[in-house]
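# Chain and residue survey
Here are the chains, one letter per residue:
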Amino acid sequence: MTVMKVTLKENKTKSDVEILIEYPEMSETVTRIERAVRSVDNAVRCLDDDGNICLIRVSDIFYFESVEKQIFVYTKDKVYRAELQLYQYAETLYSFGFEQISKSCILNLNTLLSVKPIFNSKMEALLENGEKVLISRNFISVIKRRLEKML
């Protein structure tokens, strides 16, 4: 495993934040770092409980779930209604670490703490906020491959 050094430097002459990632050789870890950094500047348009439009940073989203033909966006402690279809989020957010884990759920793998096998050849994913979501057996092999790449 590579040791990562992080340096923060305030520079009042700069008008923008600049991030430089130096690495000895390109790897999946470097790619994940780049995606994580880029996800901070990307947002998903959602609706709150009152119908107000909200922009939720991609990095703050834990998962998307389809329930009775509506798509919901789950963050650490809030739920929003999404404007697009589930497959559209799966396509556009794949590069930021999102992966479909069932017919009705897309998970941000960056929020994943652990997975464990459970009944009926399914797996249970424990997320950073303590929530648990099910990974259906049809998606387990894809998730395993994606997680292996992330290590």
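Each chain carries its own residue numbering, running from 1 in the written order of its sequence. Per-residue local features are limited, in this predicted model, to residues with pLDDT of at least 70; the limit for side-chain atom pairs, both in listing and counting, is 80 or more; totals at the level of whole chains, interfaces and linings are taken over all residues. In computing side-chain properties, one takes all heavy atoms of the structure into account and sets aside hydrogens as well as water.

When pLDDT is averaged along the chain, the result is 89; 97% of the residues meet or exceed 70. Per-residue confidence from the predictor is reported as pLDDT, a score between 0 and 100. Every helix listed is a DSSP run of H or I at least four residues long, and every strand listed is a run of E at least two residues long, numbered separately from the N terminus. Put simply, helix 1 (residues 28-40) is where the chain has its lowest mean pLDDT, 77, and strand 3 (residues 61-67) is where it has its highest, 97.

Further remarks concern the packing of aromatic side chains. Side-chain rings of Phe, Tyr and Trp, where Trp is taken by its six-membered ring, are said to pair if the distance between their centres is within 6.5 Å; with planes under 30 degrees apart they count as stacked, over 60 as edge-to-face, and otherwise as tilted. Enumeration over the complete set of coordinates arrives at three aromatic pairs. Aromatic pair Tyr 63 and Tyr 74: ring centres 4.3 Å apart, planes at 10 degrees, arrangement stacked. With Tyr 63 in strand 3 and Tyr 74 in strand 4 (residues 70-75), this residue pair connects regions lying eleven residues apart in the sequence. Any residue under 20% of the maximum accessible area for its type is buried, any over 50% is exposed, and the rest in between are partly exposed; the area is computed with a 1.4 Å probe on protein chains only. Overall, Tyr 63 belongs to the buried group, its relative accessible area being 4%. Judged by relative accessible area, Tyr 74 falls into the buried class, the value being 13%. Put simply, the rings of Phe 64, Tyr 89 and Phe 98 pair up and form one aromatic cluster. Look at NZ for Lys and CZ for Arg. If either is within 6 Å of the ring centre and within 35 degrees of the ring normal, a charge sits over the ring. Lying over the aromatic face of Tyr 94, Arg 146 brings its terminal NZ or CZ to 3.9 Å of the ring centre.

Here we come to the environment of Leu 134. Its location among the elements puts Leu 134 in strand 10 (residues 132-135). A relative accessible area of 39% places Leu 134 in the partly exposed class. Put simply, Leu 134 and Leu 20 are 114 residues apart on the chain and 37 Å apart in space, counted from C-alpha to C-alpha.

This part is about the environment of Tyr 63. Spatially, the C-alpha atoms of Tyr 63 and Tyr 74 are 5.4 Å apart, while their sequence positions differ by eleven residues. Polar contacts, as used here, are pairs of N or O atoms within 3.5 Å; protein pairs need one atom able to donate a hydrogen and one able to accept it. Residues neighboring in sequence count only if both atoms are side-chain atoms. Within the structure, the side chain of Tyr 63 is placed 2.5 Å from the side chain of Glu 131, a separation counted as a polar contact.

What follows concerns the nonpolar core. Here, nonpolar core means buried Ala, Val, Leu, Ile, Met, Phe, Trp, Tyr and Cys residues that are tied together by side-chain atoms lying within 4.5 Å of each other. In this structure, Val 44, Ile 61, Phe 64, Val 73, Tyr 89, Leu 93 and Phe 98 are the most contacted members of the largest nonpolar core, which totals 17 residues. Elements supplying a minimum of two residues to this core: strand 1 (43-47), strand 2 (53-57), strand 3, strand 4, strand 5 (79-82) and helix 2 (86-93). In terms of residues, this core owes the most to one element, helix 2, which gives three residues. Working rule for contacts: check all heavy atoms of both residues, and any pair within 4.5 Å makes them a contact. Excluding anything up to four places from it in sequence, Val 73 contacts Cys 46, Ile 61, Tyr 63, Phe 64, Lys 78, Val 79, Tyr 80 and Ala 82. Counting residues in hydrophobic clusters, the runner-up holds 16 residues, among them Leu 109, Leu 112, Ala 125 and Ile 143.

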